[in-house]
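Listed here are the chains, written in short residue letters.
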Amino acid sequence: MKLLPRNFLFLLLLCTAQIARAQAPDRPTSGQVYADIEKLGILGSALYLAAHPDDENTRLIAYLANVEKVETAYLSLTRGDGGQNLIAPDIRELLGLTRTQELLAARRIDGGTQFFSRANDFGYSKHPDETFNIWDKEQVLADAVWVIRNWRPDVIVLRFDPRAPGTTHGHHTASAMIGMEAFDLAGDPRAFPEQLEHVKPWQARRIYWNAYTWRGVPEHMDTTKIIRVDGNVFLPVLGESTGEIAARSRSQHKSQGFGSAGSRGEQIEQLELLKGDDRDEDGRVFAGIDVSWNRIPGGAAIGQAIREVQATYDFSDPSASIPALMDVYELIKALRPANDDAKFWRDKKAGELREVIAGALGLYLAGRAEVGYVTAGDSLELELEVANRSDIPVRLNKYTILQNGTALIDSTQSERRLAGTEVFEEEVGIEVRPTGMSSGPYWLQSAGTLGMYAVENQAAIGQGETPDPITATFELGIPNGRGEQVLMSFERPVRHVFTDPVKGEQHQPLDITPPVFAELDESSYLFTGTSSQVIRVKVTGAKADLAGTVELCTPSGWQVSPENYPLQLGRKGQEAFFTFELTPPAGQAQGTIVPMVKLDGAEEGYTRKLTKIDHAHLPTQLADMDASAPVAKLDLKTVGGNIGYLPGAGDAIPEALTNIGYRVSMLGPTDLTTGDLSRYDAIVVGIRAYNVEENIANYQPRLLDYVEGGGTVVVQYNTTRGLKMDQEEIGPYPLKLSRDRVTVEEAEVRILAPDHRVLNHPNKITSQDFDGWVQERGLYFPNEWSEEYTPILSSNDPGEDAHDGGLLVAEYGDGYFVYTGYSFFRELPAGVPGAYRLFTNLISLSSDTRP
């Protein structure tokens, strides 16, 4: 049995293909195996670069990855934390977790790889200058350079035009500007020299703008430097076109409502050369760039060997190609790289070839756990399974269980033979070792800033997610063309695998977590007087036999009783609940409260909560996050008590209203068709309800009848895209939505109607009530409305005209209709006092006036 050099095996482990943390074991078809063999013969790479999840052109990515067959990646500078969520109430970091997984799911479909920078999507920005005032431009630029130096693309493609600031989202133009600068700096050893301990400088050959002209042809576009390619190519081996692949990929962006239909026929993509060597006249993206094995010294023989495998490939028996593929593998491992480029491609293609061989053999390699999370010191039982579903005589030499790359078990198997129906199965036990941090999202482990996540580990920067903490490596002996057994190692993540009675076999991440979690019962707390409130804390043990104390940390001037409670948890997963009385100071105040668990013998307290995000199209995400919550004492008067809530795309307004004493009822179809709406003091319509509620046009007459009879309806923002009814019919009188928005949260808010009831009952609203807002003022303000509406407030971003349509109030019959684009769905969960005072006035318009 031939052995590979130890250092070569180590390099192969470093360059394994990306495997999403909850993806089931790969089962490629013979067509996919053949397509992957074709890709082995291409040594080229591309990097697509933009600002957010869903910015990427999935058709071009699918074309590059599956037609050009180059290594293709998408660098999204942010994780989309500042967007709106169509499928759940989660916003900010939790939305970022969802959109991260949607991008990873998209790349699994279109064949790309996913990267991120540390930039935080802080919300809509109208100009790159504003964006760079909040992002740390130097850090974002460093991250882009880091990804380029790691990925080593021959070409970079920008989604947005770097020469047109102010014509699109500020993040968009900023991403293009970052791309242009990084194109030059990545090849300069004087730029970010601290990275050179891990990577080498890399100069891409050219950078393109993926030019779109649906808004017209920009004057600055150089039409002599544009190439046009048909991005929609049918791939008979895969049975679909790149346009159809792209639609499936883009449809993963469900939180943004971007479900797409596949396309057939020509779809032209335009690429304008911005920098780098000019293309040849053949109109190819990689014109003049050698993407064959001839690009590296000694590679010609490898390219020829791969072509021979293609020529003799048997679609009915992919395993027949195994001896020849193993010969290619030996040629690659024998390659002595003459330069950094050769070393990069040797290692990358060896990793890809290993997975091709696994697919051709029909290998099933798995490590399974019955639990979804563990903590340091836990004993964990694993089930290992190895199956070779071919007639090729494969032997299992040994397996190794690793935690964060360190071996826990190294077991020799005396060359167990595996072929045909033979399956190796074994149960092993391990003890989880202490680790510096959890396996949750690495970018949420430390406190960042408004514009940037804090990531201390250079190697983690750019990664889509935290790598699986526990893995299994299987070392197999596979015969080459001369019948000699060659050792090859395959690393697989250990996953939580279980059978759901409805969904069947499920594969979810196995996480390492802190030993205990503490969670408050609300996302924010408001006090309107000097009386104390009960604060409930839930403590959950992530392991058995925990003892310690639980306390509530408060801002200066706030009083809490008792000081702490003793804690005793006997079993893993056990929950305990504790109540504290929190008393506010006499005057108005804001701060943060934090639940803390101190375990006996531990030096530091635990202040993290466990958050679960579970969507059908994504792996379940367990994230340990900061458990603190804002707390405020404010001058707030409330009237009325019963609020009806018509859900939209999802927000936390009902919880916020409940926190200040309102009784909130969620309205369903029966309520909105035959129910008695008169019992509600106001009805609030959730964000984007007119975009997502299929029956909204049928409910609308009932809502307007309710207003006419003396009630108040408050409609929160909707977008112009995908309305379920004519926007002029959203209210009792015509109004038209626009894309007007105010993105600067500190922008001045001017009061237009100071004597209007909405600004005086029950709370007197002043300019001070707009202090401390987060992320933005508002979005999608109406820009046209009939004279029956009274505009209440005016605001605008610097340098823009005033937007007066953010809060419109109309009397209709005996009641009031309110349309507001101001972002209460962000402000109330964040505990912004003035937002609570104003929203309370909105839902109090009919109080004391109804018959």
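Placed above this text is the structure.
**So, the nonpolar core**
In terms of nonpolar packing, the biggest core is built from 63 residues, with W135, V285 and F286 touching the most fellow members. Setting aside residues no more than four positions away along its own chain, W135 makes contact with L77, T78, A119, N120, F122, V140, H171, A174, G451 and M452. If you look at the next biggest cluster of nonpolar residues, it comprises 59 residues, including A305, I322, I357 and L380.

**Some thoughts on helix α10 (residues 322–334)**
Note that an α-helix has 3.6 residues per turn; residues three or four places apart therefore point the same way. The terminal C-alpha atoms of α10 lie 18 Å apart, and with 13 residues this matches the ideal 18 Å at 1.5 Å per residue to within 8%. By the burial criterion, the buried members of α10 are I322, L325, M326, V328, Y329, E330, I332 and K333.

**Some details on the pattern of salt bridges**
Side chains bearing opposite charge may pair, as long as their charged atoms lie close to each other. A full pass over the atoms with the stated rule returns 43 salt bridges. Sharing partners across several salt bridges, the network here consists of E56, R107 and D110.

**A short note on the packing of aromatic side chains**
Under the defined criterion, the tally for this structure stands at 23 aromatic pairs. Both rings, one in Y565 and one in F578, keep their centres 5.4 Å apart while their planes meet at 40 degrees; by these two values the pair is tilted. Of this pair, Y565 sits in strand β25 (residues 565–569) while F578 sits in strand β26 (residues 575–583), and the two are 13 residues apart along the sequence. Y565 gets classed as partly exposed once you look at its relative accessible area, which sits at 23%. The exposure class of F578 is buried, given its relative accessible area of 10%. Measuring from ring centre to ring centre gives 6.5 Å for Y789 and F817, while their planes differ by 65 degrees; the resulting arrangement is edge-to-face. Placement of the pair is Y789 in strand β38 (residues 789–791) and F817 in strand β41 (residues 815–820), with a sequence separation of 28 residues. With respect to burial, Y789 and F817 carry one shared label: buried. A connected cluster of aromatic rings, assembled from ring pairs, spans F770, W773, F781, Y822, F824 and F839. Seen from the ring of W443, R79 lies directly overhead, with NZ or CZ sitting 3.4 Å from the centre. The ring of Y780 is capped by R741, whose NZ or CZ atom sits 5.3 Å from the centre of that ring.

**A short note on unusual backbone geometry**
In this structure, P562 follows S561 across a cis peptide bond, with omega equal to -5 degrees. Within the fold, P562 resides in the loop between β24 (559–561) and β25. Of the consecutive residues H761 and P762, the connecting peptide bond is found in the cis state with omega at -5 degrees. With respect to the helices, strands and loops of the structure, P762 is situated in the loop between β36 (749–751) and β37 (778–785). Phi at D54 takes a positive value of approximately 85 degrees, unusual for a residue other than glycine. The residue D54 is located in the loop between β1 (45–50) and α3 (58–66) in this model. With a relative accessible area of 11%, D54 lands in the buried category.

Reading guide: rules and limits
Residues numbered from 1 in each chain as written. Predicted model: local features only at pLDDT ≥ 70, side-chain atom pairs only at ≥ 80, totals over all residues. Heavy atoms only, no water. Core = buried A, V, L, I, M, F, W, Y, C linked by side-chain atoms within 4.5 Å. Buried < 20%, exposed > 50% of the residue type's maximum accessible area, 1.4 Å probe, protein only. Contact = heavy atoms within 4.5 Å. Helix = DSSP H or I, 4+ residues; strand = E, 2+ residues; numbered from the N terminus. Expected span 1.5 Å × (residues − 1). Salt bridge = Lys/Arg side-chain N within 4 Å of Asp/Glu carboxyl O. Phe/Tyr/Trp six-rings, centres within 6.5 Å; stacked < 30°, edge-to-face > 60°. Lys NZ or Arg CZ within 6 Å of the ring centre and 35° of its normal.

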